[in-house]
Amino acid sequence: MDATTAPSAQKQHLIDPEICIRCNTCEETCPVDAITHDDNNYVVDAEKCNFCLDCISPCPTGSIDNWRIVATPYSIEDQFGWEELPAQEELAGTGEGGEAEDDEAARLIAEAHAGSGGKSVAPASASKPTINLYNRSRPAIATVTGNFRLTDPAADNDVRHIILDFGDVTFPVLEGQSIGIIPPGTDASGKPHVIRLYSVASSRDGERPKHNNLALTVKREAQGLCSNYLCDLKKGDKVQVTGPFGATFLMPDDPSANIIMICTGTGSAPFRGFTERRRRTMRDAPGRMMIYFGARRPEELPYFGPLQKVPDGLLRKHFAYSRVPNEPKTYVQDRMRATANEVSVFLKHEKTHVYICGLKGMEAGVDEAMADICRGSGMDWAQLRAAMRTQGRYHVETY
Ligand code: A2P
């Protein structure tokens, strides 16, 4: 948290009211009584806080680990009234409050969610996520227990399923959340490498049920520093992990919620987690799940084999291949148009959630397909999308 500050600016410790579970742990822990609460919020008194950080690790949610660079500190009365944390204010001469290390992940998350077209909202029935438990100065150390190629040996893409075990380190994640990976070493100017975010591909109870581990789906990029680091990992290697991150791209816990998932390539990672969650804990859920999955060819499709085995009753599957010889180039949006009836039945249902994850390029095409499908069945997509977003039923994560 070495924020570069202008002389008049100062760092302020704050608690995120959207995530705090009001358990009183921080207030009990603070050695200088800087933390207090009213009926609404737990807050930090800027005049008393001495940045000892004693409160940070006991907090079960990570809501305690929030910081702003401010010209004038927020008073405890200001904080009592908050429903959410204020954005970092622009401060002359500080370069927007400096490069606090947690901002790195926050910026990446915000960029990935930019396509949702507004403030993302978590599904009403989603479990409360834990975020920011570990950061660059306090990473969790995970051990690699598996690294398997998911794509056919003949495929262009080398996509891998990497399993990280956290041993006895607490690392709670929900389906749809991401973790940060700190690649070892420094860049040409001697600075540590930027943290990269990866979506978790397993469900909350572990890649292996009841194990403290998780899986990532990683595609080796030709010049990708972190993807090559991860794809080359061997069993037993140690990895520095930050996070967990992400408080909105979460699955509804309500078993009667329908879920439409639209993805390309490694964008399938969170949807593997969603599917596993339903398969393990809600096999007879009345809500339906449907996936539109785009890849160059079947050989390039991560989890192709296991996906085929998921029964249709649990997950309705639509594949779109763009480079199968002698077949027309098909994108996910083309498959959606070809199955417009199914999509519109889902969209008309007030418990349907839409998730889009993968290449940024697909956003516009999917949006147009949605608009056409809605037009064809008497709905207005712009209106519906806006309503779904504010109700926590429309989620975009692209890169
Ligand atoms: P393409 O054959 O045109 O590259 P990748 O294999 O690079 O991870 O991509 C996954 C899939 O996403 C590929 O089938 C790719 O097709 C497809 N794709 C690329 N651009 C778009 C787009 N704008 N909309 C939908 N799918 C796309």
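Just so it is clear, the structure is predicted and the values come from calculations on it, not from any experiment. (Residues numbered from 1 in each chain as written. Predicted model: local features only at pLDDT ≥ 70, side-chain atom pairs only at ≥ 80, totals over all residues. Heavy atoms only, no water.)

Things to note about the overall build of the protein
- Across its full length, the protein holds 10 helices and 15 strands.
- Compactness check: the protein gives a C-alpha radius of gyration of 22 Å against a globular reference of 21 Å for 399 residues, within 12% of the reference.
- In terms of principal-axis extent, the alpha carbons of the protein reach across some 70 × 50 × 40 Å.
- Here the protein holds 399 residues, and the buried ones make up 52% of them.
- Restricting to contacts in the protein with at least 6 residues of sequence separation, those with at least 24 account for 73%.
- Accessible surface, the protein as shown: approximately 17,900 Å² in total, 52% of it carbon and sulfur.
- Taken together, the 44 basic and 54 acidic charged side chains of the protein have centroids lying 10 Å from each other. (Helix = DSSP H or I, 4+ residues; strand = E, 2+ residues; numbered from the N terminus. Rg over C-alpha atoms; globule rule 2.2 N^0.38 Å. Buried < 20%, exposed > 50% of the residue type's maximum accessible area, 1.4 Å probe, protein only. Contact = heavy atoms within 4.5 Å. Areas by Shrake-Rupley, 256 points an atom, 1.4 Å probe, with all protein chains shown as cover. Lys, Arg positive; Asp, Glu negative; His and termini not counted. Charge placed at Lys NZ, Arg CZ, Asp CG, Glu CD.)

Some thoughts on the pattern of salt bridges
- Counted by the stated rule, this structure contains 22 salt bridges.
- Ionic pairing is found between Asp158 and Arg160, a salt bridge with its closest N-O pair at 3.1 Å.
- Measuring nitrogen to oxygen at the nearest pair gives 3.8 Å for the salt bridge that ties Glu363 to Lys360.
- The class of Glu363 is buried, set by a relative accessible area of 18%.
- According to the relative accessible area criterion, Lys360 is partly exposed, its value standing at 40%. (Salt bridge = Lys/Arg side-chain N within 4 Å of Asp/Glu carboxyl O.)

A word on the pairing of strand β4 (residues 66–70)
- Here β4 lies mainly inside the structure; 5 of its 5 residues are buried.
- Of the two faces of β4, both are covered, the one formed by Asn66, Arg68 and Val70 as well as the one formed by Trp67 and Ile69.

Section: the sheet that holds strand β6 (residues 159–165)
- The 6 strands are arranged β8-β7-β10-β5-β6-β9 in an open sheet whose pairing can be described as antiparallel. Each edge of the open sheet carries a strand with a single partner, namely β8 (196–199) and β9 (213–219). Adjacent strand axes in the sheet meet at a mean angle of 40°, parallel and antiparallel pairs treated alike. (Pairing = 2+ DSSP bridges. Axes fitted to C-alpha atoms, helices over the stretch in contact; angles between N-to-C directions.)

Overview of the site of the ligand
- What surrounds the ligand is a group of 14 residues, the closest being Arg296, Ser322, Arg323, Lys329 and Tyr331.
- The side chain of Ser322 places a nitrogen or oxygen atom 2.6 Å from an oxygen atom of the ligand.
- A distance of 2.8 Å separates an oxygen atom of the ligand from a polar atom in the side chain of Lys329.
- Protein contact buries 83% of the 560 Å² of open area that the ligand shows by itself.
- Tallied by class, the residues present in the shell around the ligand amount to 4 nonpolar, 6 polar and 4 charged. (Near = heavy atom within 4 Å. Polar contact = N/O pair within 3.5 Å; in protein donor to acceptor, adjacent residues only side chain to side chain. Nonpolar A, V, L, I, M, F, W, Y, C, P; charged D, E, K, R; others polar.)

Observations regarding the sheet that holds strand β11 (residues 258–264)
- Strand order in the open sheet formed by 5 strands is β13-β12-β11-β14-β15, and the pairing between neighbours is parallel. What marks the edges here is a single partner per strand, and that holds for β13 (316–321) and β15 (394–398). Strand-to-strand twist across the sheet, computed as the mean angle between neighbouring axes with direction ignored, equals 10°.
- Bridging between β11 and strand β12 (residues 289–295) involves 6 bridges; their strand directions are parallel. Along β12, the bridge assignment pairs Thr264 with Gly294.

Distances and angles like these do not, on their own, reveal function.
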